[in-house]
Amino acid sequence: MEQLPPTFVNGFHDEESVRKMQYNQFGRTGLQVSKISLGTGTLSKFYGDLDATTGIKAVHQALRKGINYVDTAPYYGQGRSEEILGQALKDVPRQAYYVATKVGRYELDYENMFDYSAKKTRESVEKSLKLLGVGYLDVVQIHDVEFVEDLSIIWNETLPTLEKLRDEGKLKFIGVSAYPMDALKKVITGAPGRFDTVLCYCRNTLIDNSLKEFIPFFEENRLAIICASGHGMGLLTNAGPQPWHPCQDQTKEICWEASEYCKQQGVELGKLAMYHFIQLDGPATFLAGMQTEHLVNINLEAFFCGLTVNEQNVMEHLKNNIFTKIANSNWEGVEVQRYWEAMKALKK
């Protein structure tokens, strides 16, 4: 029998499930995090209209089953994700989870989308504490640093403000997130020893394995690696991506072909994506958005039970015959370019 983690609460948890979950050291933080973690970008309209009660049930199900790390951000639904998560956490013992949020990215309109200033950073953390209904945050991450024109604002304003808030007991650890990994490397290199965690997303999937080459750098810097979005932000699921997904049309077409093949075979592409996603050595936790109890169960099943023979065969077919046709395995630069073009137009 596996030893129970420090987050285990008798009477709250499904003990059998917690004993099956794997808990890993979270970098140098001393935390022990579940191998699967819960992303809550899905608790907002980003992934279709969501009934709050459904989302709350999904959070409760995930936590009871042994997931102990939950990630959110002010940008997800412009506070909606934090608000629904806060409602869910009211009924959960504080010992049972670690909660992570972000600063830096906020509104949907380009003009007010980003603000890495010291003033906004402090306001944002205070607001997150209120919405989440917690006395402290386990992790606060600087969100999507690839959009920053001059990184000195991160080193001179955002990061020092988070360090002050840490000294005040409002947060425990500081992280950074981005899609392009070169941007992460640059920010981390410019502030050695000051970050505890790093989050990158859609970089360890059935169509993109580029996280692998950056793991040694992150490990040298003793960072807890959070590997997010093995479903490629919905791209690698039978339901397919949302209209806003930034990848190229050809990539969408091939992933659609893959999901159609899965449907014919009676298989959920999302389960195959999840299974593939969690095989990588290095990350402390694998973060996946799950807005319903059904999705929580599918993702946990991929970890607890693995794949059936049929699912394995389908995955091999996709890897060898379908995904090989993809011309662009990533969409790096697409959103950044769109953002700066929009900002230029606003200044005219």
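Residues numbered from 1 in each chain as written. Predicted model: local features only at pLDDT ≥ 70, side-chain atom pairs only at ≥ 80, totals over all residues. Heavy atoms only, no water.

An unreviewed UniProt entry lists the chain under the name D-arabinose 1-dehydrogenase, with Culex quinquefasciatus given as the organism.

Q: Any details on the packing of helix H9 (residues 269-277) against helix H10 (residues 293-304)? Residues and values, ideally.
A: The geometry of a pair of packed helices is captured by two quantities: the angle between their axes and the separation between those axes. Contact pair H9 / H10: the axes reach a minimum separation of 9 Å and the direction vectors enclose 45 degrees. Relative to H10, the element H9 is oriented oblique. Crossing of H9 against H10: the hand is right-handed. When H9 is examined against H10, the residues Gly270, Lys271, Met274 and Tyr275 are found in contact with a partner set consisting of Ile298, Asn299, Glu301 and Ala302. (Axes fitted to C-alpha atoms, helices over the stretch in contact; angles between N-to-C directions. Helix = DSSP H or I, 4+ residues; strand = E, 2+ residues; numbered from the N terminus. Parallel < 35°, antiparallel > 145°, perpendicular 65-115°, else oblique. Left-handed = near helix turned anticlockwise from the far one by under 90°. Contact = heavy atoms within 4.5 Å.)

Q: Please set out the pattern of salt bridges residue by residue, giving values where relevant.
A: A full pass over the atoms with the stated rule returns 19 salt bridges. The residue Glu168 makes a salt bridge to Arg122 at a minimum N-O spacing of 2.6 Å. Linking Glu168 in the loop between helix H5 (152-167) and strand E7 (171-178) with Arg122 in helix H4 (residues 118-132), this pair joins segments that are 46 residues apart in sequence. Given a relative accessible area of 27%, Arg122 falls into the partly exposed group. Between Glu126 and Lys170 there is a salt bridge, and its shortest N-O distance comes to 2.8 Å. (Salt bridge = Lys/Arg side-chain N within 4 Å of Asp/Glu carboxyl O. Buried < 20%, exposed > 50% of the residue type's maximum accessible area, 1.4 Å probe, protein only.)

Q: Tell me about the environment of Val33, and name the residues and values.
A: Within the fold, Val33 resides in strand E2 (residues 32-34). On the accessibility criterion, Val33 (0% relative accessible area) is buried. Residues Val33 and Glu257, 224 residues apart in the sequence, show an inter-C-alpha distance of 35 Å. Among residues more than four places away in sequence, those in contact with Val33 are Gln22, Tyr23, Asn24, Phe26, Asn68, Tyr69, Tyr98, Ala284 and Thr285.

Q: Explain the nonpolar core residue by residue, including any values.
A: In this structure, Phe195 and Phe218 are the most contacted members of the largest nonpolar core, which totals 82 residues. Among the elements that make up this core, the one with the highest residue count is helix H2 (residues 52-64) (6 residues). If we skip the residues at most four places from it in the chain, Phe218 touches Leu184, Ile188, Val198, Leu211, Leu223 and Ile225. Counting 39 residues, the second largest nonpolar core, distinct from the first, contains Phe173, Ile254, Leu269 and Val314. (Core = buried A, V, L, I, M, F, W, Y, C linked by side-chain atoms within 4.5 Å.)

Q: Explain helix H12 (residues 334-347) to me, using residue names and the numbers behind them.
A: Its 14 residues place the ends of H12 21 Å apart at the C-alpha level, agreeing with the 20 Å of an ideal helix rising 1.5 Å per residue. Three or more residues of H12 are buried, namely Tyr339, Ala342 and Met343. All buried residues of H12 fall inside an arc of 100 degrees around its axis, so they share one side. (Expected span 1.5 Å × (residues − 1). Arc of directions from axis to C-beta.)

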